[in-house]
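Observations on chain architecture
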Amino acid sequence: MNKLKLKLIRDDFKMETAAPPARKQLIADWQTLNRIFIRPEDEDAKRALVKHMEQILFGLHDFLQKHVGITEEASLKELAERFKDTFIQPHPEKRLSEVISDLVNEVAPHAVNVASPYFVGHMTSAIPYFMVHLKTITAALNQNVNKAETSKVLSIIEKQVLAKIHRLIYQQDDAFYEAHVQNPNTALGCFTEGGTIANMTALWVARNSLLAPVGQFLGCEQEGMVAGYQAHGIERCVLLVSRLGHFSLRKAAGLLGIGNRNVISIDVDARNRIKLSALKRCIRDFEATDGRTRIMALVGIAGATETGSIDPLPELAEICAEHGIYYHVDAAWGGPTRMSEKYRHLLNGIERADSVTIDGHKQFYMPMGCGMVYFKNPLILERIAYHARYIARPGSVDLGIKSLSGSREANSLVLASALQIMGARGYSLLLEHGIETAKAFAAEIRKRPLFELVTKPQLNILTYRVCPPETKAQLQDAPTILRRRLNAYLNDMNRGIQVLQREGGISFVSRTTLYENNRLEDPLVVLRAVIMNPMTNIDILKEILDEQEEIYQHHFA
Ligand SMILES: *Cc1c(COP(=O)(O)O)cnc(C)c1O
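Looking at the overall build of the protein chain
Scanning the protein chain for helices and strands turns up 18 helices and eleven strands. On C-alpha atoms alone, the protein chain measures out to a radius of gyration of 26 Å, which is about the 24 Å that the 2.2 N^0.38 rule sets for 557 residues. Along the first, second and third principal axes, the C-alpha set of the protein chain runs to 80 × 70 × 45 Å. Within the protein chain, the proportion of its 557 residues that are buried is 50%. Long-range contacts, defined here as pairs at least 24 residues apart, represent 71% of the contacts in the protein chain between residues at least 6 apart. Summed over all atoms, the accessible surface of the protein chain reaches about 27,000 Å², with 55% contributed by carbon and sulfur. In the protein chain, which carries 66 positive and 63 negative side-chain charges, the distance between the mean positions of the two groups comes to 2 Å.

Structure (structure tokens):
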């Protein structure tokens, strides 16, 4: 697809804007404000708005679904030049209709077309069209589930959908869900803005569980970390996770006052899963510190961000049970795989976790801004509960009592509706398509002499690199110094290919750095593909490889 054709498709979509009539100056006065606050100014304005919204709610989506490249050519630097005005104008600059057509015609083309089936680099992708409508309804209702006084039935709906996903993970019996689904005194989990806040919430609970009240000590939430360490006779808390742990865990450790250096990276095995021997050794070493260092939590990953690999969850559960360690599973990416009958076994063991993170805006295909965290014990969120005088009174269904966030939207409405529209089977089709397409992609990469598959997909993520056959041959049994030199050359080349392809603007894979045999002195720059768009098929992936081969021939051969 060339740039000209791309431009033509874009022009197709351009909104006609009524030629501005000989325009009078726009004034902000009370009368006008009253008019536009409640509804469109007049019937004409309303008709124009309805037309615009129709185009946005259907057209923008169709437009993005088409194969139109990833983004326009303007660089971030050029764009930054266009947005340097730091004054708020005293009077209105534009009417709503003008603003909307500007957004569609001038801003959207410079956003990233994450819905393109050629965009296979990140965990952000096309979403079903109806998600936008559901999100619009949520915005129009403008409920705040922080407190039932501003959300009523939406809080009840949130509790129901939390129970559904809890059941997907933990598989408790009917009596359990009967007792908790609408119980104002217990919580099965909570919605957050994303996986980061979800992980943070889980580790907040873990920290308060470890530095719990004893004797006169009221707990670290009330008395702080210094008092907490003193009361428990310890000097240091650590968090254990494989080298592939998401960086949100380090943020959480910083914020929770345990220090992000105390997130201990455990080596991974050849399949990028936490290495159990290394983990056990690490636990033994910490236990030998006479209890002066305590393990706050062990985090298992169900779908590592970089490689999609899944830690051995049952073994981790066993280790946590044996050593009395809090067990969190970061399933921000992989969690929804539980819905697939075919692949749910990959997450076996997750039901033994004390807490589980799942992102809504990843494999539940929701619009940006939705994460969730679930807890096995419906009472454990008491450890982070807060009350205020004007809301969040004990025993109310104010969801803000047990939540890191304050005011927040009724995102559960989007998920609850999507589950009704899709069913577990509908979601499974998406998940299975991703996993199976990734498998086919891996086979294709193996077939081509110019490429090397670096991590084969366990879920729908894989990594590979460009590695010409002669380099491959040289790498065989190469002594360390030569191997490092060859890898350094390949690293530069793969970095270059990824950037050139991105700048070409037609397709996109991302890149990351993995470490050969866990050795920091042996970095491997790899290309990373995340297959979640149902429109991405093996033919498109072959085209992406073709383009990479062309870039290689042109610039590096
Ligand atoms: C994406 C991701 C996160 C962070 O989630 P955000 O929604 O980006 O805050 C955490 N852990 C894993 C494994 C992830 O893939």
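Quick notes on the sheet that holds strand β8 (residues 451–455)
Spatial ordering of the open sheet is given by β8-β9-β11-β10, a layout of four strands whose pairing is antiparallel. Only two strands of the sheet have a single partner each, and these edge strands are β8 and β10 (510–515). When strand polarity is set aside, the average angle formed by the axes of neighbouring strands in this sheet is 45°. Summarising the sheet, β8 and strand β9 (residues 461–466) pair through four bridges and their orientation is antiparallel. Pairing of Thr455 across the sheet is with Thr463, part of β9.

Considering the sheet that holds strand β2 (residues 236–242)
Pairing within the open sheet is mixed, and its seven strands lie in the order β1-β7-β6-β5-β4-β2-β3. Each edge of the open sheet carries a strand with a single partner, namely β1 (189–192) and β3 (263–266). Strand-to-strand twist across the sheet, computed as the mean angle between neighbouring axes with direction ignored, equals 20°. Looking at chain direction, β2 and β3 are connected through four bridges and run parallel. Paired with Ser242 across the bridge in β3 is Ile266. Across the face of the sheet, helix α13 (residues 276–287) comes into contact with β2, β3 and β4 (293–301) while running at roughly 175° to β2.

Describing the site of the ligand
Near the ligand, the surroundings consist of 14 residues, among which Thr196, Asp330, Asp359, His361 and Lys362 are the closest. Within the side chain of Thr305, an N or O atom sits 3.1 Å from an oxygen atom of the ligand. Here an oxygen atom of the ligand sits 2.8 Å away from a polar atom, N or O, in the side chain of His361. When isolated, the ligand has an accessible area of 380 Å², and the protein chains bury 87% of it. When residues of the shell around the ligand are assigned to their parent elements, the largest contribution, three residues, is made by helix α9 (residues 195–210).

Thoughts on the packing of helix α15 (residues 412–447) against helix α18 (residues 538–555)
Remark: α15 packs on α18, axes separated minimally by 10 Å, with the N-to-C direction vectors making an angle of 35°. For the crossing formed where α15 meets α18, the hand is right-handed. Along its contact with α15, which presents Thr437, Ala440, Phe441, Glu444 and Ile445, the element α18 presents Ile538, Leu541, Lys542 and Leu545. Counted by class, the contact of α15 with α18 contains six nonpolar, one polar and two charged residues.

A closer look at a nonpolar patch on the surface
Residues Trp30, Leu33, Ile36, Phe37 and Ile38 make up a contiguous nonpolar surface patch of about 630 Å² in total accessible area. Structurally, Leu33 can be placed in helix α2 (residues 30–38). Among the residues examined, Leu33 registers a relative accessible area of 39% and is labelled partly exposed.

Observations regarding the state of the cysteines
For the coordinates displayed, the defined rule picks out zero disulfides. The thiol of Cys220 is unpaired, and the distance to the nearest cysteine sulfur, on Cys237, comes to 8.2 Å. Considering cysteine sulfurs only, Cys320 is the nearest to Cys282, which forms no disulfide, with 12 Å between them.

What to know about α18
Given a rise of 1.5 Å per residue, 18 residues ought to cover 26 Å, and the 26 Å separating the end C-alpha atoms of α18 matches this to within 8%. Those residues of α18 lying buried are Ile540, Leu541, Ile544, Leu545, Glu547, Gln548, Ile551 and Tyr552. Buried residues of α18, seen end-on, are gathered within an arc of 155° and therefore sit on one face of the element. Opposite the packed face of α18, turned more than 90 degrees from it, sit the exposed residues Glu550, Gln553 and His554. Tucked inside the fold, the buried residues of α18 contact α15, β8, β9, α16 (469–475), α17 (480–504) and β11 (523–530).

Digging into the pattern of salt bridges
Going through the model one piece at a time under the given rule, you end up with 26 salt bridges. Of the charged contacts in the structure, one is a salt bridge between Arg352 and Glu318, with a shortest N-O distance of 3.1 Å. One end of the pair, Arg352, is in the loop between β5 (327–330) and β6 (355–359); the other, Glu318, is in helix α14 (residues 313–323), with 34 residues separating them in the sequence. With a relative accessible area of 44%, Glu318 lands in the partly exposed category. For the salt bridge of Arg448 with Glu444, the shortest nitrogen-to-oxygen distance reads 2.9 Å. Here Arg448 and Glu444 have matching classes, each one buried. Within the structure, one salt-bridge network assembled from shared partners comprises Glu444, Lys447, Arg448, Asp546 and Glu549.

Points about the nonpolar core
Of all hydrophobic cores here, the largest spans 65 residues; its most connected members are Leu240, Leu279, Val329, Val356, Phe364, Leu415 and Tyr427. If you tally residues by element for this core, the top one is α15, at nine residues. Residue contacts for Tyr427: discarding those within four places in its chain leaves Met131, Met339, Gln363, Phe364, Tyr365, Ala418, Leu419 and Met422. In terms of nonpolar packing, the next biggest core, distinct from the first, is built from 42 residues, Ala198, Ala202, Val263 and Tyr326 among them.

About the criteria used
- Residues numbered from 1 in each chain as written.
- Predicted model: local features only at pLDDT ≥ 70, side-chain atom pairs only at ≥ 80, totals over all residues.
- Heavy atoms only, no water.
- Helix = DSSP H or I, 4+ residues; strand = E, 2+ residues; numbered from the N terminus.
- Rg over C-alpha atoms; globule rule 2.2 N^0.38 Å.
- Buried < 20%, exposed > 50% of the residue type's maximum accessible area, 1.4 Å probe, protein only.
- Contact = heavy atoms within 4.5 Å.
- Areas by Shrake-Rupley, 256 points an atom, 1.4 Å probe, with all protein chains shown as cover.
- Lys, Arg positive; Asp, Glu negative; His and termini not counted.
- Charge placed at Lys NZ, Arg CZ, Asp CG, Glu CD.
- Pairing = 2+ DSSP bridges.
- Axes fitted to C-alpha atoms, helices over the stretch in contact; angles between N-to-C directions.
- Near = heavy atom within 4 Å.
- Polar contact = N/O pair within 3.5 Å; in protein donor to acceptor, adjacent residues only side chain to side chain.
- Left-handed = near helix turned anticlockwise from the far one by under 90°.
- Nonpolar A, V, L, I, M, F, W, Y, C, P; charged D, E, K, R; others polar.
- Patch = residues over 30% accessible without salt bridge, like charges linked within 9 Å, V, L, I, M, F, W, Y side chains within 5 Å.
- Salt bridge = Lys/Arg side-chain N within 4 Å of Asp/Glu carboxyl O.
- Disulfide = S-S within 2.5 Å.
- Expected span 1.5 Å × (residues − 1).
- Arc of directions from axis to C-beta.
- Core = buried A, V, L, I, M, F, W, Y, C linked by side-chain atoms within 4.5 Å.

Read these as spatial facts, not as claims about activity.
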